Amino acid sequence: EALHEIFGVVSLDMLVHMSKMVRAGHAVRSDGTSYLRNLERLALPISFIHGGDNACFLPGSTEATYKLLAETNGAHFYRHSIITGYGDMDCIIGKNAAHDVYPLILDHLDTVAVRQNTAPLAVTRS
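Since the structure is predicted, the reported quantities are computational estimates derived from the model, not experimental observations.

Peer 1: Would you mind going over a nonpolar patch on the surface in detail, with residue names and values included?
Peer 2: A cluster of nonpolar side chains, contributed by Met89, Ile92, Ile93, Tyr102, Ile105 and Leu109, occupies part of the molecular surface with about 560 Å² of accessible area. No other element matches helix α6 (residues 102–115), which puts 3 residues into the nonpolar patch. Counting through the fold element by element, Met89 comes out in the loop between β2 (78–83) and α4 (90–93).

Shown next, in the form of structure tokens:
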């Protein structure tokens, strides 16, 4: 009953967009055209990190995206990690995210920096 007080007035356009994606069975733009075109443009380092208990977006969704991109551009560009026991936003704000997830993010950034011959991030890991 208090959702309107917590979130205020919001646009429902996102829900219309989401319903188009559900009907299409994959991500589409708001005009209905597919995001699955021009996948070669995503031939760049991407690390997919997904909460294993995410009920909003199932872990299989990023796994399917990872596989599609790896088949298209080569697996060397991509990483896919499912974090057991983590839900939707837990990977960013979860109690143990700094220990369980952030090192994966830092490792990805360091790897990209090395590939581009720039200095890895100077962060003290504890």
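Peer 1: Can you break down the layout of surface pockets residue by residue, with the values?
Peer 2: If you add up the space inside the largest pocket, you get close to 530 Å³. If you trace the largest pocket, you find 18 residues lining it, with Met21, His26, Ala27, Ser61 and Thr65 closest to the centre. Those elements giving two or more residues to the lining of the largest pocket turn out to be α2 (13–24) and α3 (59–73). Element by element, the count of residues in the lining of the largest pocket is highest for α3, at 6 residues. Here the lining of the largest pocket is built from residues that sort into 13 nonpolar, 5 polar and no charged.

Peer 1: Outline the state of the cysteines, listing residues and values.
Peer 2: Applying the stated criterion across every chain yields a total of 0 disulfides. Free cysteine: Cys56, not disulfide-bonded; nearest cysteine sulfur from Cys91 at 12 Å. Using a relative accessible area of 53% as the deciding quantity, one classes Cys56 as exposed. For Cys91, a relative accessible area of 7% corresponds to the buried category.

Peer 1: Account for the pattern of salt bridges, naming residues and giving values.
Peer 2: Tallied over the entire structure, the rule returns 2 salt bridges. Linking Lys67 and Glu63 is a salt bridge whose minimum nitrogen-to-oxygen distance equals 3.5 Å. Of the two residues, Lys67 and Glu63 are both situated in helix α3; the distance of 4 residues between them amounts to about one turn of the helix. For Lys67, a relative accessible area of 44% translates into the label partly exposed. Overall, the relative accessible area of 33% leaves Glu63 in the partly exposed class.

Peer 1: Report on the pairing of strand β1 (residues 46–51), specifying residues and quantitative values.
Peer 2: Here β1 runs beside β2; their pairing, made up of 6 bridges, is parallel. In the sheet register, Gly51 faces β2, and the bridge partner there is Ile83.

Peer 1: Kindly report on the side chain of Asn54, identifying the contributing residues and their values.
Peer 2: If you trace the backbone, Asn54 turns up in the loop between β1 and α3. Judged by its relative accessible area of 7%, Asn54 falls in the buried class. Looking at Asn54, its side chain comes within polar contact range of the main-chain nitrogen of Cys56, at 2.8 Å. If we skip the residues at most four places from it in the chain, Asn54 touches Pro59, Tyr86, Gly87 and Asp88.

Procedures and definitions
- Residues numbered from 1 in each chain as written.
- Predicted model: local features only at pLDDT ≥ 70, side-chain atom pairs only at ≥ 80, totals over all residues.
- Heavy atoms only, no water.
- Patch = residues over 30% accessible without salt bridge, like charges linked within 9 Å, V, L, I, M, F, W, Y side chains within 5 Å.
- Areas by Shrake-Rupley, 256 points an atom, 1.4 Å probe, with all protein chains shown as cover.
- Salt bridge = Lys/Arg side-chain N within 4 Å of Asp/Glu carboxyl O.
- Helix = DSSP H or I, 4+ residues; strand = E, 2+ residues; numbered from the N terminus.
- 1 Å grid on protein atoms, 1.4 Å probe; cavity = no way out; pocket = protein on both sides within 12 Å on 5 of 7 lines; lining within 4 Å.
- Points joined across faces, edges and corners; volume = space filled by probe spheres on them.
- Nonpolar A, V, L, I, M, F, W, Y, C, P; charged D, E, K, R; others polar.
- Disulfide = S-S within 2.5 Å.
- Buried < 20%, exposed > 50% of the residue type's maximum accessible area, 1.4 Å probe, protein only.
- Pairing = 2+ DSSP bridges.
- Polar contact = N/O pair within 3.5 Å; in protein donor to acceptor, adjacent residues only side chain to side chain.
- Contact = heavy atoms within 4.5 Å.

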